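Analysis of the macromolecular model
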Amino acid sequence: QVQLVESGGGLVQAGGSLRLSCAASGLTFSRMSMGWFRQAPGKEREFVAAIGWSGTNTAYADSMQGRFTISRDNAKNTVSLQMNSLKPEDTAVYYCAAERERRYPVAALREYDYWGQGTQVTVSS
């Protein structure tokens with residue numbers, strides 16, 4: 001049974017930082033492209049960042065470029081999202097996702113096969 005469990009969310013002031021983690025089990029993690037998505041109230045789920053099998057290749061949404069960093073540890077079956085210079089508009093539920101067919105980062109939500117339950121990130125102004 002595949003499980004993706006996010007952690008690290010919380011309340012932070014604007015300009016602050018948070019580090020999200022996602023622990024994966026029940027899959028061959030080193031052969032999964034991993035991604036982070038987010039969904040704010042009343043909005044559609046949107047792409048944040050993705051990372052390929054080896055961790056060398058990454059992709060980011062334009063508004064996160066330079067502020068967020070995705071990384072993975074294949075030995076520990078974890079993927080992380082370091083978020084710096086947070087803004088109130090970054091407030092959302094953040095989801096970890098796994099894609100099982102592509103070696104490189106995948107930005108399209110519909111391509112992902114497995115999803116975590118999400119972790120809330122709230123940025124106060």
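As a reminder, the structure under discussion sits directly above these lines.
Basis of the calculations
- Residues numbered from 1 in each chain as written.
- Predicted model: local features only at pLDDT ≥ 70, side-chain atom pairs only at ≥ 80, totals over all residues.
- Heavy atoms only, no water.
- Helix = DSSP H or I, 4+ residues; strand = E, 2+ residues; numbered from the N terminus.
- Buried < 20%, exposed > 50% of the residue type's maximum accessible area, 1.4 Å probe, protein only.
- Polar contact = N/O pair within 3.5 Å; in protein donor to acceptor, adjacent residues only side chain to side chain.
- Contact = heavy atoms within 4.5 Å.
- Disulfide = S-S within 2.5 Å.

What about the side chain of Glu99?
Here Glu99 shows up in strand β9 (residues 92-99). On the basis of relative accessibility, which here comes to 1%, the residue Glu99 falls in the buried class. A distance of 2.8 Å separates a polar atom in the side chain of Glu99 from the backbone nitrogen of Arg102. Those residues in contact with Glu99, other than ones at most four positions away along the chain, are Arg31, Met32, Ser33, Val106, Glu111, Tyr112 and Asp113.

Regarding the state of the cysteines
As enumerated under the stated definition, the model contains one disulfide in all. Across a sulfur-sulfur distance of 2.1 Å, Cys22 and Cys96 are joined as a disulfide pair. In this structure the cystine formed by Cys22 and Cys96 twists about its S-S bond by roughly -75°; its chirality is therefore left-handed. Remark: Cys96 occurs in strand β9 and Cys22 occurs in strand β3 (residues 18-25); sequence separation between them is 74 residues. Across the pair, exposure class does not vary: Cys22 and Cys96 are buried alike.

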